[in-house]
Amino acid sequence: MTATTTTTGPEPSASPDLSKPVGDPPLLEVRNLTVTYGGTVPAVRGVDLRVEAGQKLGIAGESGCGKSTLALALLRLLPATAKLTGEILLDGEDVLTMKWGRLRAVRWAGASIVFQGAMHSLNAVHRVGDQIAEPILLHNAKATPAAARRRAGELLEQVGLPAARAQAYPHELSGGQRQRVMIAMALACDPRLIIADEPTTALDVMIQAQILRLIEQLVADQDVGLIMISHDLAVLADTCDRLSVMYAGRVVEEGPARQVYAEARHPYGRALSTAFPRIGDPASRRAPRGLPGDPPDPAALPGGCTFHPRCPVALDSCATEDQELREAGGERRAACVLVDAPAADDSRSTS
Ligand code: ADP
Ligand code: MG
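Residues numbered from 1 in each chain as written. Chains lettered and ligands numbered in written order. Predicted model: local features only at pLDDT ≥ 70, side-chain atom pairs only at ≥ 80, totals over all residues. Heavy atoms only, no water.

> I'd like a rundown of the coordination of the magnesium ion (ligand 2), residues and numbers included.
Looking at the metal site, the magnesium ion (ligand 2) is ligated by Ser68 (OG) and Gln116 (OE1), spaced 2.0 to 2.2 Å from it. Linking Ser68 in helix H1 (residues 67-74) with Gln116 in the loop between strand S6 (111-114) and helix H3 (128-139), this pair joins segments that are 48 residues apart in sequence. (Donors = N, O, S within 2.8 Å, 3.2 Å for Na, K, Ca; no water. Helix = DSSP H or I, 4+ residues; strand = E, 2+ residues; numbered from the N terminus.)

Spelled out as structure tokens, the structure:
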């Protein structure tokens, strides 16, 4: 699924302003975003996010916590059954109220997405170079097919593939190479924000590390913002500056990546950080502790704190009282009642 394959009509000339003076709004600010599928499935509930240019935000959470819904909502790429409320300010401009033409200009050029599982969705009958050239042609009325193909070759080199691989069909490439092609495509229109939804999940560990380093390098070189989504908190802690941990459609913990990974204040954040120990990290030598059960179905959320049925340190009150994000020490914020009682929290969590 891409924005460009479904669009028709003349391309608007307006493109996002790339030369904003300091002091202007952040690259992305999301305020109180909710997404409800079919009127009854609240997949994203009151999410706030902020990403500055050059900053890397990781979004962690198990499958079903609303991460992909959030990513797709940022560019209004969700099906019509999804109802969105709140604000998604891209360079201060609300994506949710943008006219269609403006939205098309912003997709790819303002922000682009490497979709979850996208490396399997390259078109099998087109050469990869032509597939990279497609958004360039769609978004730049002045680009000629020859210039777009040249640019596709340059983009392939930027992601570590020889320009000549533009002639290849997807089946001639490995999984890691196909993911590089998807990243080249995401870079094609010089976006200011790249959203990468589980970009390495289907790859083996060595290739995973190469792709992560590539993304890091590209973000550093081009001063773009990055939102990286993964269920693996260790991967995000290695790559990102800040982390938001999602559970049942909400951000339940956020803060500097290393702080959240090393000493999460929400029991769910702690469970995620021990589920994926970092290889070679002495601090994570403790055995990974599995978290029994699954995240709740958003159509049937438990009352109180939605994590309480799985929480190893839940109090009786957690079954009835929901918790808001609050200051949790350092620069962290967490939505847990035990944050207010650090001594009790620490003794219980290590037992
Ligand atoms: P994640 O990316 O964290 O795995 P998703 O955003 O894919 O989570 O899904 C969050 C919840 O929304 C899940 O319960 C999923 O079943 C539901 N969901 C996702 N897409 C749709 C859809 N198109 N219609 C209805 N429910 C959906
Ligand atoms: Mg997902």
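> Report on helix H4 (residues 145-158), specifying residues and quantitative values.
Between its first and last C-alpha atoms H4 spans 20 Å; for 14 residues at 1.5 Å apiece the expected length is 20 Å, and the two agree. Of all the residues in H4, the buried ones are Ala148, Ala152, Gly153, Leu155 and Leu156. One side of H4 holds all its buried residues, which, seen down the axis, span an arc of 160°. For H4, exposure combined with an orientation more than 90 degrees from the buried face picks out Arg150 and Glu157. Taken together, the buried residues of H4 touch H3 and helix H5 (175-187). Downstream of H4 by one or two residues, Gly160 has phi in the positive range, about 90°. (Expected span 1.5 Å × (residues − 1). Buried < 20%, exposed > 50% of the residue type's maximum accessible area, 1.4 Å probe, protein only. Arc of directions from axis to C-beta. Contact = heavy atoms within 4.5 Å.)

> Give me the state of the cysteines: which residues, what numbers.
One pass over the full model with this rule turns up 0 disulfides. Free cysteine Cys305: the closest other cysteine sulfur is in Cys318, separated by 6.0 Å. By relative accessible area, which is 13% here, Cys305 ends up buried. (Disulfide = S-S within 2.5 Å.)

> With reference to specific residues and values, describe the packing of H3 against H4.
Packing of H3 against H4 leaves a shortest axis separation of 8 Å and a crossing angle of 120°. H3 and H4 meet at a crossing whose hand is right-handed. Contact with H3, carried on its side by Gly129, Asp130, Ile132, Ala133, Ile136 and Leu137, involves Pro145, Ala148, Arg149, Arg151, Ala152, Leu155 and Leu156 of H4 and no other residues of that element. Tallied by class, the residues present in the contact of H3 with H4 amount to 9 nonpolar, 1 polar and 3 charged. (Axes fitted to C-alpha atoms, helices over the stretch in contact; angles between N-to-C directions. Left-handed = near helix turned anticlockwise from the far one by under 90°. Nonpolar A, V, L, I, M, F, W, Y, C, P; charged D, E, K, R; others polar.)

> Quick one: what's the story with the sheet that holds strand S5 (residues 93-94), residue by residue and with numbers?
Spatial ordering of the open sheet is given by S2-S1-S4-S5, a layout of 4 strands whose pairing is antiparallel. Lying at the two open borders of the sheet, with one neighbouring strand each, are strand S2 (41-51) and S5. Alignment of strand S1 (residues 28-37) against S2, held across 7 bridges, turns out to be antiparallel. Looking at the pairing, Val30 lines up with Leu49 of S2. Relative to S1, H1 is tilted by about 115°, and along the sheet it contacts S1, S2 and strand S4 (82-90). (Pairing = 2+ DSSP bridges.)

> Can you explain the packing of aromatic side chains? Please cite residues and give values.
Here the structure, examined in full by the defined rule, presents 3 aromatic pairs. Measuring from centroid to centroid gives 5.0 Å for Tyr247 and Phe307, while their planes differ by 80°, and the two rings are edge-to-face. Of this pair, Tyr247 sits in strand S9 (residues 242-247) while Phe307 sits in the loop between helix H9 (267-275) and strand S11 (326-327), and the two are 60 residues apart along the sequence. Taken together, the aromatic side chains of Tyr247, Tyr268 and Phe307 make up a single cluster linked through ring pairs. (Phe/Tyr/Trp six-rings, centres within 6.5 Å; stacked < 30°, edge-to-face > 60°.)

> Account for the nonpolar core, with residues named and values stated.
Most often, soluble globular proteins keep nonpolar side chains buried together rather than apart. Core analysis: the largest hydrophobic core is formed by 104 residues, its most contacted members being Leu28, Leu33, Leu70, Ile183, Leu193 and Ile227. Among the elements that take part in this core, H5 stands out by supplying 7 residues, more than any other. Setting aside chain neighbours within four positions, we find Leu70 in contact with Leu33, Val44, Val47, Leu49, Ile59 and Met246. (Core = buried A, V, L, I, M, F, W, Y, C linked by side-chain atoms within 4.5 Å.)

> Please give an account of the pairing of S4 that cites residues and values.
Where S1 and S4 come together, 8 bridges link them in antiparallel fashion. Counterpart to Val30 in the pairing with S4 is Ile88.

> Report on the packing of H5 against helix H6 (residues 205-222), specifying residues and quantitative values.
Running from N to C, H5 and H6 cross one another at 15°; their axes reach a closest spacing of 10 Å. In terms of axis orientation, H5 runs roughly parallel to H6. Our pair here, H5 against H6, has a crossing hand that is right-handed. Side by side, H5 and H6 meet where Gly176, Gln179, Arg180, Ile183 and Leu187 of the first sit next to Ile207, Gln210, Ile211, Leu214, Ile215, Leu218 and Gln222 of the second. Residues that form the contact of H5 with H6 fall into these classes: 7 nonpolar, 4 polar and 1 charged. (Parallel < 35°, antiparallel > 145°, perpendicular 65-115°, else oblique.)

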